[in-house]
Amino acid sequence: MTCLLIFLVAYSNCSCCSSQEAPADLAGFNSSEIFNIQDGSTLTPNDSLLVRLLYRVTRVSRRSLDEYAKFTRGVDVESVNNNPRDFRLYVFDLTARAKMVQTVNIEDSASLPFVGFHLVRLVSGDSTEFVAAVPIHQDDSHPPALPTRWPMQEEIDEPVTLQGFFMARRDFNPDSDDEKAIDNLIGLRDTDPPIFVANRLQWFPEANDSVIPVTDSELLLARHGVDIGRLETVRSNIAGSISLHETESFFQMLAATRTMSTDELPTGLIGFKESLTQPRANQGNAIAVFGHVRRATKINIEDSEIRRRHGIDHYFQLDLFVPLDNQRIVIKPAAVENESAMDNDSLIVQDNRFPVAVCVTGLPCSESEILRRQVFVRGFFFKQWNYDSEMTLQTGPTTRQISPLVIGLGPELVELPTDFLTLFVTVGGVLFIVGTAALIWYMRSAAVDSRPRRGNELPERIDVAHLDPH
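A brief report on the enclosed structure follows. Keep in mind it's a predicted model, so treat the numbers as computed, not measured.

The next thing to look at is the overall build of the protein chain. Tallying secondary structure elements over the protein chain gives 13 helices and 15 strands in all. Residues classed as buried in the protein chain amount to 55% of the 470 residues present. In the protein chain, once contacts between residues fewer than 6 apart in sequence are set aside, the share between residues at least 24 apart is 79%. Per element, the accessible surface of the protein chain, about 20,200 Å² overall, is 45% carbon and sulfur.

Next up, the structure:
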């Protein structure tokens with residue numbers, strides 16, 4: 001089996017600013033256009049400046065935004081509020097607390113990559129109120145700009161970061177003579193706040209509450225720099241290959257494990273069974289798996305942008321077989337409603353061991369020494385990886401093998417006791433029992449003509465073809 005490869009492709013319609021003339025150049029406006037931008041005008045859904053910046057911010061790369069943001073380091077929102085012309089169209093990195101969200105639709109948006117935008121009321125660290133505008137995309141070409149579990153027009157208090165352009169101060173006065181004026185539905189005290197335009201907000205929740213529920217695992221990941229809002233994108237594509245927009249979460253979670261100890265993990269870790277039977281509900285949850293190392297491969301990260309942003313230059317892929325202790329897992333297409341009427345030729349049967357892919361940033365020994373060893377890994381369930389194996393290719397083009405993908409804190413070498421269950425009692429009380437009942441795995445297509453195959457293969461390849469720049 002080949003290793004987990006991360007292919008990184010530069011994505012940017014604008015180059016880095018090594019030869020920039022002014023900090024506002026990245027926005028794509030000429031000096032005359034910038035000079036003519038006025039503060040205090042009424043904000044409308046089709047505000048041409050806002051629409052243009054929303055389009056621009058979805059096209060520039062994270063690397064370019066990082067480079068231009070250096071011009072505003074140390075500048076607080078209060079300074080922008082007091083002197084907006086001095087910072088027109090500059091790029092800012094901001095930390096704030098989100099207080100309320102409203103949605104605005106754009107008229108005649110067919111020619112745009114977004115149908116509207118969210119306006120988010122925020123309060124900065126210096127207690128200055130401001131607004132962020134983020135796009136609502138036409139399709140899934142970009143990850144959602146806001147966490148999907150956030151309510152609209154309800155009070156919240158969530159810690160966020162954002163990166164984007166300062167636009168101008170705009171008037172939210174509901175008494176405006178302009179019939180298209182956007183009303184203040186987000187509780188602004190100041191009706192003409194500074195507006196920043198960003199591609200998305202990064203969310204790092206600090207506590208669970210009844211308005212926006214989060215798990216203990218998500219709180220731990222957030223404390224270690226994982227954007228939980230972006231992690232929701234992985235949940236929406238819980239079974240399949242790793243998509244363009246999931247690579248950032250992959251690297252964030254991988255980097256987080258470097259600064260995390262097993263003592264920080266929440267109690268009640270899920271097991272292998274839960275990652276199969278309830279993958280969406282358990283995505284991002286802490287997990288414990290035990291298995292036999294079939295292959296260990298060091299993956300060097302060649303892309304300097306990944307190394308710069310996440311502080312990692314390599315990781316290891318461990319390909320494990322999790323023993324089923326003579327239990328059986330049956331994978332069958334979702335199209336089959338009546339199991340008794342189902343032809344056995346459409347089944348994929350796994351009754352000895354099951355493949356699991358684990359990515360870690362460090363090993364307790366060399367790659368060669370860990371081969372064929374028994375390991376216990378605690379970490380986080382990332383997603384279900386669907387892939388073609390020699391077995392599934394024989395069953396037909398619509399049937400695919402599944403394998404949990406786990407990002408671990410580091411494998412622990414263990415000696416396998418005679419009594420398999422004793423192992424789980426001694427290493428943390430993790431009970432692994434996969435019942436003999438069939439596991440129904442929802443696939444896209446109906447069954448195909450083939451004989452039952454034994455599923456003892458790990459992924460041939462787990463490819464991430466692009467690095468999401470945003």
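Now that the structure is up, let's keep going.
Counting residues in hydrophobic clusters, the biggest one holds 93 residues, and the most contacted among them are L53, L119, W150, F196 and F380. Dropping the residues within four chain positions of it, F196 is found in contact with V77, V80, F92, L94, F130, V131, A132, A133, L162, F165, F166 and M167. In this structure, I238, A296, L320 and V356 belong to the second largest nonpolar core, which totals 25 residues.

Here we take up the side chain of S61. Mapped onto the secondary structure, S61 falls in the loop between α2 (48–57) and α3 (62–69). With a relative accessible area of 6%, S61 lands in the buried category.

Here we take up the packing of aromatic side chains. In the structure shown here, the tally under the stated rule is 11 aromatic pairs. Seen in terms of ring centroids, Y68 and F71 are 6.2 Å apart; in terms of plane orientation they differ by 50°. Their pairing is tilted. Among the residues examined, F71 registers a relative accessible area of 32% and is labelled partly exposed. Residues F130 and F196 carry aromatic rings whose centres are separated by 5.4 Å and whose planes lie at 80° to one another, so their mutual orientation is edge-to-face. Of the two residues, F130 sits in strand β4 (residues 129–137) while F196 sits in strand β6 (residues 194–203), which places them 66 residues apart along the sequence. Grouping aromatic residues by their ring pairs yields a cluster made of F87, Y90, F92, F130, F166 and F196. The residue whose ring lies beneath R52 is F29, and the NZ or CZ to ring-centre distance is 3.7 Å. Directly above the aromatic system of Y55 lies the positively charged group of R59, at a separation of 4.6 Å from the ring centroid.

Here the focus is the packing of helix α6 (residues 228–236) against helix α7 (residues 247–256). Packed helix pairs are characterised by how far apart their axes lie and by the angle those axes make with each other. In the contact formed by α6 and α7, the axes pass within 9 Å of each other and the chain directions differ by 120°. It follows from the interaxial angle that α6 and α7 lie oblique. Where α6 crosses over α7, the handedness of that crossing is left-handed. Counted together, R230, L231 and V234 of α6 and E248, S249 and M253 of α7 form the full contact between these two elements.

Scoring rules and cut-offs
- Residues numbered from 1 in each chain as written.
- Predicted model: local features only at pLDDT ≥ 70, side-chain atom pairs only at ≥ 80, totals over all residues.
- Heavy atoms only, no water.
- Helix = DSSP H or I, 4+ residues; strand = E, 2+ residues; numbered from the N terminus.
- Buried < 20%, exposed > 50% of the residue type's maximum accessible area, 1.4 Å probe, protein only.
- Contact = heavy atoms within 4.5 Å.
- Areas by Shrake-Rupley, 256 points an atom, 1.4 Å probe, with all protein chains shown as cover.
- Core = buried A, V, L, I, M, F, W, Y, C linked by side-chain atoms within 4.5 Å.
- Phe/Tyr/Trp six-rings, centres within 6.5 Å; stacked < 30°, edge-to-face > 60°.
- Lys NZ or Arg CZ within 6 Å of the ring centre and 35° of its normal.
- Axes fitted to C-alpha atoms, helices over the stretch in contact; angles between N-to-C directions.
- Parallel < 35°, antiparallel > 145°, perpendicular 65-115°, else oblique.
- Left-handed = near helix turned anticlockwise from the far one by under 90°.

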